[in-house]
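Now for the letters of each chain:
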Amino acid sequence: MKKIVIDPITRIEGHLRAEVEVDENGVVQDAFVSGQLFRGIEIILKDRDPRDAGLLAGRICGVCTNSHFRAAISSVEDAYSLELPKNAEIIRDLMAMALFIQDHVVHFYHLHSLDFVDITSALSADTKLTSKEAHKYHKKPFRNSHSHYEATIEKLSKYVKAGKLGPFSNGYWGHKDYKLTPEQNLIMISHYLEALKFQTNISKAVAIFGGKTPHPQSIVVGGVSSVADMLNPQRLNDYLFIIKEAKDFIERAYLPDAKLLALAYRDEIKAGVGRANGNFLSVGGYEFEGERKLFCSGVVYNHDFENIQEFDESKITEEIDRAWYENEAKDNEVCYTDLNEDGSLKTAKNDDKYSWIKAPRYDGKTMETGPLARVLISYKKDNTLIKSFVDEFLKDTDLELMDLSTSVGRNAARAIETSYICEYIFKLVSRLIQNIKYYDTDTWVKFDFDSLDKEAKGRAFFEVPRGTLSHFVNIKDARIENFSVIAPTTWNATPKNFDGLRGAYEEALVGLKIQDTAKPLEVLRVLHSFDPCLACAVHIIDTKGKELSHYKIRII
């Protein structure tokens, strides 16, 4: 048995390490995925004014700022049973939807595409054949001209000649598992470069109602403070213009590229490469009209989509048996175990700790959360908002629903989700305009903080770009006593714990065939498909209310 260590995993948010044990044929027999940086961010929230929770929790991550900001504020509103004006909910949703669009596009092109795209191959592409190839995936491909592709090749060539490859440095170029033709590689890399501009523009949509991004400022307990932006026709028009441009890129570049990838890697999809254990979790949300939601809630076990269970928050637990913490530490010790002499983690025994990430369980099971979970559950619950988008993608790629439960399938799910969010978001703006038209301009509910209960508990559950996010707050003497977060990556990157159950990351790696153990591209491809965000995943909280402000690091 041979052990392969990849540390750090790049092109993600945070610090992630992967160890896989492979047999003589290069097939992964076991995997250990480890969050390598202690955060303890909830400690900062202790003893703070609950109304400041969002501003502080938003700093959990530099990517998911809006998601944590909103969830923290919502947990406080839940504690005080505050009912928000409809306009406030809509504005919060508009920021969230723009973030979904930005996050998915950035992930596909800038964090994940280089696992499939061979830069060196793109340099030898025939630009005329490239233009013809692009028409296989859309009738009007994005920026599909000979001159554009020639300019892209020239730009790449300059990087190579200057020896300044930047994000294209240290790739496994020429790896046997790259399957795209030179022309397909050129299509993808041209859209990679275009997505850099896309990323800048879509961020402005979040900032229009958020004040700025990252770390928006406008979400407050009781509603939002961006009423002037809501009432300004120019600001609404600016938002719509950005979303309209984004929709054009998604329909003519992103979605077609996801189809290109699915067709090129069809054999891997059919072989189930990157498939986890089939346990999926979604809390649903984002009101559309009446009882209809953009995403459906539900729980699936073992890919049994015909028997979707209702989500029950009381079934959530979180353990630390194999994470670097101690249950009953008298001095609140963070218990870090040292590495082996060869630099590998101490993972040989069932009581070895190997990650800062804690182990959430739903009804005792490890779960996968994210766009794939949302798409599968919403589709099987006959959500009419998404069904046609899924059907069209499956028809165009000649795939089945089960095929989405793979590494490439997760990318397809993100693209599908982004596409139908773009449809929904215009209708959401229309609802806001309609409210204003009929003189409903409320964006905040007035409350007297001093008269509210001094002790209260609240929680918030949201679907955010990477999956299910939950925030929990305990308030005592009008101050935050405890604050806890379970982020999407906490679910997906969970360590085994004493139950021996692998999380989605580790489960998806087992059985993977690695062609060249010196260049484990396949491992990166699987892990990147989840869009890891380790900054969000590593937290600590003592549920018994013990003081969490003093720490000692003990090396074993």
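Caption draft 1: Up close: the overall build of the protein. Of the regular secondary structure elements, the protein holds 18 helices and 14 strands. With respect to the principal axes defined by its C-alpha atoms, the protein has extents near 70 × 65 × 50 Å. Looking at the 556 residues of the protein, the share that counts as buried comes to 59%.

Caption draft 2: Spotlight on the sheet that holds strand β1 (residues 2-6). Pairing is antiparallel across the open sheet formed by 3 strands, whose spatial order is β1-β2-β3. In this open sheet, the two edge strands, each paired with only one partner strand, are β1 and β3 (28-35). Adjacent strand axes in the sheet meet at a mean angle of 15° when their direction is disregarded. The strands touched by helix α17 (residues 521-528) are β1, β2 (16-22) and β3; relative to β2, the strand with the most contacts, the crossing angle is about 130°.

Caption draft 3: Quick peek at the pattern of salt bridges. By the definition in use, this model includes 40 salt bridges. Measuring nitrogen to oxygen at the nearest pair gives 3.7 Å for the salt bridge that ties K197 to E194. Linking K197 with E194, this pair stays in helix α8 (residues 182-210), spanning 3 residues, or about one helical turn. Taking the shortest distance from any N to any O, the salt bridge between D398 and R266 comes out at 3.5 Å. With D398 in the loop between α13 (384-397) and α14 (407-437) and R266 in helix α11 (residues 266-270), the pair connects residues that are 132 residues apart, well separated along the chain. Under the relative-accessibility criterion, R266 is labelled partly exposed at 27%. Residues joined in a network through salt bridges with shared partners are D30, K496, R502, E506 and E507.

Caption draft 4: Just the environment of F249, in detail. Looking at where F249 falls in the secondary structure, it is placed in helix α10 (residues 233-264). Remark: the alpha-carbon pair of F249 and E194, spanning 55 residues in sequence, is separated by 9.0 Å. Setting aside residues no more than four positions away along its own chain, F249 makes contact with V105, Y109, F142, H191, E194, A195, F198 and Y254.

Definitions and cut-offs
Residues numbered from 1 in each chain as written. Predicted model: local features only at pLDDT ≥ 70, side-chain atom pairs only at ≥ 80, totals over all residues. Heavy atoms only, no water. Helix = DSSP H or I, 4+ residues; strand = E, 2+ residues; numbered from the N terminus. Buried < 20%, exposed > 50% of the residue type's maximum accessible area, 1.4 Å probe, protein only. Pairing = 2+ DSSP bridges. Axes fitted to C-alpha atoms, helices over the stretch in contact; angles between N-to-C directions. Contact = heavy atoms within 4.5 Å. Salt bridge = Lys/Arg side-chain N within 4 Å of Asp/Glu carboxyl O.

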